[in-house]
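# Breakdown of the fold
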Amino acid sequence: MHFTDDEAGEVPCMQTVRSKIHNFLQDPRSSRFAAVWHGMDIFFICISICFLITESEPRFKDQFTDKNATYFVYLFSVNCVIMAFFTIDFTVRLLTWPSLLDFWKNVFNVLDILSIMPFYVGLMANGYGNGVEEGASSHYVVLRVCRIFRIVRIFKFVRHSRDLLIIMKAVSNAKRELVLLVCLLFIFVITFGSIMYYIESGVNEDFNSIMKSCWWVIVTITTVGYGDMCPTSAGGKLFGTFVLTLGIVFLALPMTIIVSKFSFVYEREKCRYIHKV
């Protein structure tokens, strides 16, 4: 098949445009307009989080949920503008990403769609829920879940911070040490929680199950000490002292390994970024 010069140059030209748009969305230093776009993204994220926090206040809640409230229309309009910006940003990223499979492998893109979807799901739920009393509880659950997922928007900040990205890479490279910590904590909690249960059962009503005893062990070895439950027998108090002392040492050993590994990886990634710049 023979292509004309215009047809042959069309595909590379489109690829160049996609590459430029992708670079524009990924790197705020690529142009002045890119810096403005990223600045707007950060600004809208801040406003969205402020809305999320303010909506939980009882005195302001009606302004976000009651259509007859004084400022509902204004707040809803601002929210629509914010979500329109997020939607456009996500859509353009999706269309200009080099590989569709790699796009969905990127955790930030997944977080983006999770932060956008609650808005549209909420709109549909409110639309279908008008005048329908049956299934009102399920309608409420849908809205509740949507509001929970809006918390994901705060993670959009990470995309705009090189230091946070470096920290995430450092944590990712120290995952073996973190898994070791979790395994040690699991063994420690189950073992000593079970022993405390058998010491205090029949004497102390607070320790009426191994699960509750494990909760006490976690609170104790992390030195939080809520005080909601504590051993009352002499054997329980003696064993509790042992758990507290040993728990601090038990957690300190893997933590030193994790901190040293984290520091090494953080400095390495930071040096790589400085060399790229």
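Residues numbered from 1 in each chain as written. Predicted model: local features only at pLDDT ≥ 70, side-chain atom pairs only at ≥ 80, totals over all residues. Heavy atoms only, no water.

### Section: the overall build of the protein chain
For the record, the criterion: Only DSSP runs of H or I with at least four residues qualify as helices, and only runs of E with at least two residues qualify as strands; both kinds are numbered from the N terminus onward. Burial classes follow relative accessibility: with a 1.4 Å probe on protein chains only, a residue under 20% of its type's maximum area counts as buried, one over 50% as exposed, and anything between as partly exposed. Between two residues, a contact is recorded if the distance between any of their heavy atoms is within 4.5 Å. Accessibility throughout is a Shrake-Rupley quantity obtained with a 1.4 Å probe, and a residue counts as covered only by protein chains that appear here.
Looking only at helices and strands, one finds 11 helices and 0 strands in the protein chain. Secondary structure of the protein chain in N-to-C order comes out as α-α-α-α-α-α-α-α-α-α-α. Counting the 277 residues in the protein chain, one finds 30% classified as buried. The contacts in the protein chain between residues at least 6 apart in sequence include a share of 65% that link residues at least 24 apart. Total accessible area on the protein chain is roughly 18,200 Å²; 68% of this is exposed by carbon and sulfur atoms.

### Comments concerning helix α10 (residues 210-221)
Selection rule: By this rule, a helix spans an expected 1.5 Å times one less than how many residues it contains.
In this model α10 runs 16 Å from its N-terminal to its C-terminal C-alpha over 12 residues, within 8% of the 16 Å that 1.5 Å per residue would give. The set of residues buried in α10 consists of S213, C214, W216, V217, V219, T220 and I221. Backbone geometry just after α10 places T223 at a positive phi near 55°.

### Some points on the packing of helix α9 (residues 175-200) against α10
Which entries qualify depends on this criterion: Lines fitted to C-alpha atoms define the axes here, with helix axes fitted over just the stretch in contact, and angles between the N-to-C directions of these axes take values from 0 to 180 degrees. Between 65 and 115 degrees an angle is taken as roughly perpendicular, under 35 as roughly parallel, over 145 as roughly antiparallel, and anywhere else as oblique. Note: crossing handedness is left-handed where the near helix turns anticlockwise from the far helix by less than a right angle, and right-handed where it turns clockwise. In this classification, Asp, Glu, Lys and Arg are treated as charged, Ala, Val, Leu, Ile, Met, Phe, Trp, Tyr, Cys and Pro as nonpolar, and every other residue, Gly included, as polar.
The contact between α9 and α10 brings their axes to 8 Å, and the two run at 120°. On the basis of the axis angle, α9 is oblique to α10. Viewed along their axes, α9 and α10 form a crossing whose handedness is right-handed. Across from L185, F188, V189, I190, F192, G193, S194, M196 and Y197 in α9, the residues of α10 making contact are I210, S213, C214, W216, V217, I218 and I221. Considering only residue class, the contact of α9 with α10 consists of 13 nonpolar, 3 polar and no charged.

### Quick look at the packing of aromatic side chains
In plain terms, the rule: Centres within 6.5 Å are what make two rings of Phe, Tyr or Trp a pair, Trp counting through its six-membered ring; a difference in plane orientation under 30 degrees is then read as stacked, over 60 as edge-to-face, and the rest as tilted. In this scheme, the term charge over a ring applies when either NZ of a lysine or CZ of an arginine sits within 6 Å of the ring centre and within 35 degrees of the ring normal.
Scanning the entire structure with this criterion turns up 20 aromatic pairs. Their ring planes at 80° and their centres at 5.2 Å tell us that F119 and Y120 sit as a pair that is edge-to-face. You can call Y120 partly exposed: its relative accessible area is 34%. Seen in terms of ring centroids, F192 and F242 are 6.0 Å apart; in terms of plane orientation they differ by 55°. Their pairing is tilted. With F192 in helix α9 and F242 in helix α11 (residues 234-276), this pair connects stretches of sequence that are 50 residues apart. Since its relative accessible area comes to 12%, F192 is described here as buried. Residue classification places F242 among the partly exposed positions, given a relative accessible area of 43%. A connected cluster of aromatic rings, assembled from ring pairs, spans F24, F33, W37, F43, F44, F85 and F86. When the ring centre of F86 is taken as origin, the NZ or CZ atom of K156, which lies over that ring, is 4.6 Å away.

### Points about the environment of P231
Mapped onto the fold, P231 is located in the loop between α10 and α11. Discounting residues that sit within four places of it in the chain, P231 has contacts with M196, E200, N204, F207, W216, G236 and K237.

### A few points about the confidence of the model for the protein chain
Note the threshold: Each residue carries a pLDDT value, the predictor's own confidence for that position, ranging from 0 to 100.
Looking at the protein chain, pLDDT values average 82 and 86% of them are 70 or higher. Averaged pLDDT values over the elements of the protein chain bottom out at 64 in helix α7 (residues 136-149) and peak at 93 in helix α4 (residues 72-96). Ignoring residues within four places in sequence, the model shows residues 131-136, a span with pLDDT below 50, making 0 contacts including any to other chains.

### Description of unusual backbone geometry
Glycine aside, negative phi is the norm for most residues, and most peptide bonds take the trans geometry. One non-glycine residue with positive phi stands out, namely T223, at about 55°. Tracing the backbone through its elements, the reader meets T223 in the loop between α10 and α11. The exposure class of T223 is exposed, given its relative accessible area of 54%.

### Examining the side chain of D112
Its place among the elements puts D112 in helix α6 (residues 107-129). Not counting residues within four places of it along the chain, the set of residues in contact with D112 comprises F90, R93, K156 and R159.

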